[in-house]
There are 2 protein chains.
Amino acid sequence: MNVVCLDLEGVLVPEIWIAFAEATEIEGLKRTTRDEPDYDKLMGYRLKLLREHGYKLADIQAVIEKMDPMPGAKAFLDELRAMTQVIIISDTFSQFAKPLMAKLGWPTIFCNELIVAEDGEVTGFQMRCEETKLTTVRALHEAGLETIASGDSYNDVQMILHSKAGFFFRTTDALKQEYPDVPAYEEYAELLEAIKCAL
Amino acid sequence: MNVVCLDLEGVLVPEIWIAFAEATEIEGLKRTTRDEPDYDKLMGYRLKLLREHGYKLADIQAVIEKMDPMPGAKAFLDELRAMTQVIIISDTFSQFAKPLMAKLGWPTIFCNELIVAEDGEVTGFQMRCEETKLTTVRALHEAGLETIASGDSYNDVQMILHSKAGFFFRTTDALKQEYPDVPAYEEYAELLEAIKCAL
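Values in this document were obtained by computation on a predicted structure and should not be read as measured data.

Calculation rules
Residues numbered from 1 in each chain as written. Chains lettered and ligands numbered in written order. Predicted model: local features only at pLDDT ≥ 70, side-chain atom pairs only at ≥ 80, totals over all residues. Heavy atoms only, no water. Helix = DSSP H or I, 4+ residues; strand = E, 2+ residues; numbered from the N terminus. Buried < 20%, exposed > 50% of the residue type's maximum accessible area, 1.4 Å probe, protein only. Contact = heavy atoms within 4.5 Å. Areas by Shrake-Rupley, 256 points an atom, 1.4 Å probe, with all protein chains shown as cover. Buried area = accessible area lost by both parts, 1.4 Å probe. Salt bridge = Lys/Arg side-chain N within 4 Å of Asp/Glu carboxyl O. Polar contact = N/O pair within 3.5 Å; in protein donor to acceptor, adjacent residues only side chain to side chain. Pairing = 2+ DSSP bridges. Least-squares fit on C-alpha atoms with pLDDT ≥ 70 in both. Axes fitted to C-alpha atoms, helices over the stretch in contact; angles between N-to-C directions. Parallel < 35°, antiparallel > 145°, perpendicular 65-115°, else oblique. Left-handed = near helix turned anticlockwise from the far one by under 90°. Nonpolar A, V, L, I, M, F, W, Y, C, P; charged D, E, K, R; others polar.

Enquirer: Describe the overall build of chain A, listing the residues and the values that go with them.
Expert: Within chain A one finds 9 helices and 7 strands. Overall size of chain A, expressed as C-alpha extent along the three principal axes, is 50 × 35 × 30 Å. Scored against the burial criterion, the 199 residues of chain A give a buried share of 56%. Considering only contacts in chain A between residues 6 or more positions apart, those separated by 24 or more positions represent 57%. Accessible surface, chain A: about 8,200 Å² in total, of which carbon and sulfur atoms supply 48%.

Enquirer: Which residues make up unusual backbone geometry, and what values do they have?
Expert: The backbone phi angle of Glu25(A) is positive, close to 60°, even though this residue is not glycine. Structurally, the position occupied by Glu25(A) is in the loop between helix H1 (16-24) and helix H2 (39-53). Among the residues examined, Glu25(A) registers a relative accessible area of 72% and is labelled exposed. Unlike most non-glycine residues, Glu131(B) shows phi in positive territory, near 40°.

Enquirer: An account of the interface of chain A and chain B is needed here, citing residue identities and associated values.
Expert: Between chain A and chain B, the residue contacts involve 27 residues of the former and 27 residues of the latter. Summing both partners gives a buried area of about 2,200 Å² for chain A against chain B, and 59% of it is carried by carbon and sulfur. If you look at where chain A meets chain B, you find 0 salt bridges. Remark: the boundary between chain A and chain B carries 11 residue pairs in polar contact (both at pLDDT 80 or more). Of all the secondary structure elements, the ones that give two or more residues to the side of chain A that touches chain B are strand S2 (85-93), helix H5 (94-103), strand S3 (108-116) and helix H6 (132-142) of chain A.

Enquirer: Please provide a residue-by-residue account of the sheet that holds S2(A), values included.
Expert: Residues and elements named next belong to chain A. If you walk across this open sheet you meet the 7 strands as S4-S3-S2-S1-S5-S6-S7, and the pairing is mixed. If you trace the sheet from one side to the other, it starts and ends with strand S4 (122-126) and strand S7 (184-185), each paired once. Pairing of strand S5 (residues 146-151) with strand S6 (residues 165-169) involves 4 bridges; the strand directions are parallel. By the bridge assignment, Ser150 is partnered in S6 with Phe167.

Enquirer: Which residues make up the relation of the copies chain A and chain B, and what values go with them?
Expert: Relating one copy of the chain to the other requires a rotation about an axis plus a shift along that axis. When chain A is brought onto chain B, the operation consists of a screw motion whose angular component is 180° and whose axial shift is 0.0 Å, with 0.0 Å RMSD remaining. In the structure described here, the two chain copies are related by an operation that fits a two-fold rotation axis. Across chain A, the smallest distance between a C-alpha and the rotation axis is recorded for Ala139(A), namely 2.4 Å. Both copies present the same face, since 100% of the interface residues in chain A are matched by interface residues at the equivalent positions in chain B.

Enquirer: Before we move on, could you go through the packing of helix H4 (residues 73-81) of chain A against helix H9 (residues 188-198) of chain A and cite the residues and values that matter?
Expert: Residues and elements named next belong to chain A. Between H4 and H9, whose axes approach to 10 Å, the crossing angle comes to 15°. When the axis of H4 is compared with that of H9, the two are roughly parallel. Crossing angle aside, the handedness with which H4 passes H9 is right-handed. Contact residues: H4 offers Ala73, Phe76, Glu79 and Leu80, while H9 offers Tyr188, Leu191, Leu192, Ile195 and Lys196. A per-class count over the contact of H4 with H9 returns 7 nonpolar, no polar and 2 charged.

Enquirer: Tell me about the pattern of salt bridges, residues and numbers included.
Expert: Inspection of the entire model under this criterion finds 24 salt bridges over all chains. Salt-bridge contacts for Glu36(A) lead to Arg31(A); the nearest nitrogen and oxygen are separated by 3.3 Å. Look at Arg31(A) and you get partly exposed, because its relative accessible area is 35%. Across the pair Glu187(B) and Arg170(B) runs a salt bridge whose closest N-O atoms are separated by 3.9 Å. With Glu187(B) in the loop between strand S7 (184-185) and helix H9 (188-198) and Arg170(B) in the loop between strand S6 (165-169) and helix H8 (173-178), this residue pair connects regions lying 17 residues apart in the sequence. For Glu187(B), a relative accessible area of 46% translates into the label partly exposed. Residue Arg170(B) is classed as partly exposed on the basis of its relative accessible area of 22%. Linked by salt bridges that have partners in common, Asp7(A), Lys133(A) and Asp156(A) make up one network.

Right under this line is the structure:
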């Protein structure tokens, strides 16, 4: 039995932190996992900027509420879910994901949790496990499932390499050059066709 | 992060084999995991009866196409999916599940595969792994997820006992007596409330 493991941001929805950076005009929040492979470092930097500018969880959630999935993402996901099983494996946080999952028809998502103070300040974050995406794909294998993975960023590489098939989607030139053996697609129709062939 | 692991048949949809037994009037196909804890034995017996009566996969699928989720199941599942993550963990087969998943709004399901000959005869079955439900729940734990489980049958007991909370739903008196410490519910509202408290 197959499970397609999809990254969220950059694949199905725009980058949440970039949307928030644009809304708040904080240039430093535009760095993502596509630029910075060390997620702890990236998140530490983001939380420092939030603190400095006095933004709280509710401010980010207000921006997310207005975000929409990327054009064609819902139709792609609907077709995929009618064909096989899908789990979104994301390093985003459950406090961010909910309104986007509603717009995508409530696919299953495994992500992480923000630690939030009583006054709504984001004080930290709790990753589900070490190397979240790779660990999750390996756990699925232990449950007798075969995985097919797709993502756009550094933190997707290991789940892509450890799945029976894996694809970049709208990734950077740097990642394409570093992993020339991983097929890289720009359109949902191409990704869907590649997944169909791998099933 | 929490994942609610739900059994399918008897919890969200009627028992598929019982529906087929009624449609075909084959009394022996009314045995389920509620009666027979040994799933290999039960499936061997079912496949033998199919062969004897000349029924093929398409005959079972035709009955499943006409089945509906249990009254209230879709609303229960919709509310649950808006609140937390859900995976249906079932010992049914992917060849059976699809029309029912469509009617439930495409929740994620982990199940097994039938082995089907070219002429459509069901010649065997392939379980995903040993002790499917317990193994899956343990794999989810390894991915840093906490589980809450519910089911009605013998094959649900281990995933219920190994989750941080677990509940029987519309189970037998025998199971209630054997596991008096597992709360047993009859209504979706009760199960939803118990899950909410465990989140």
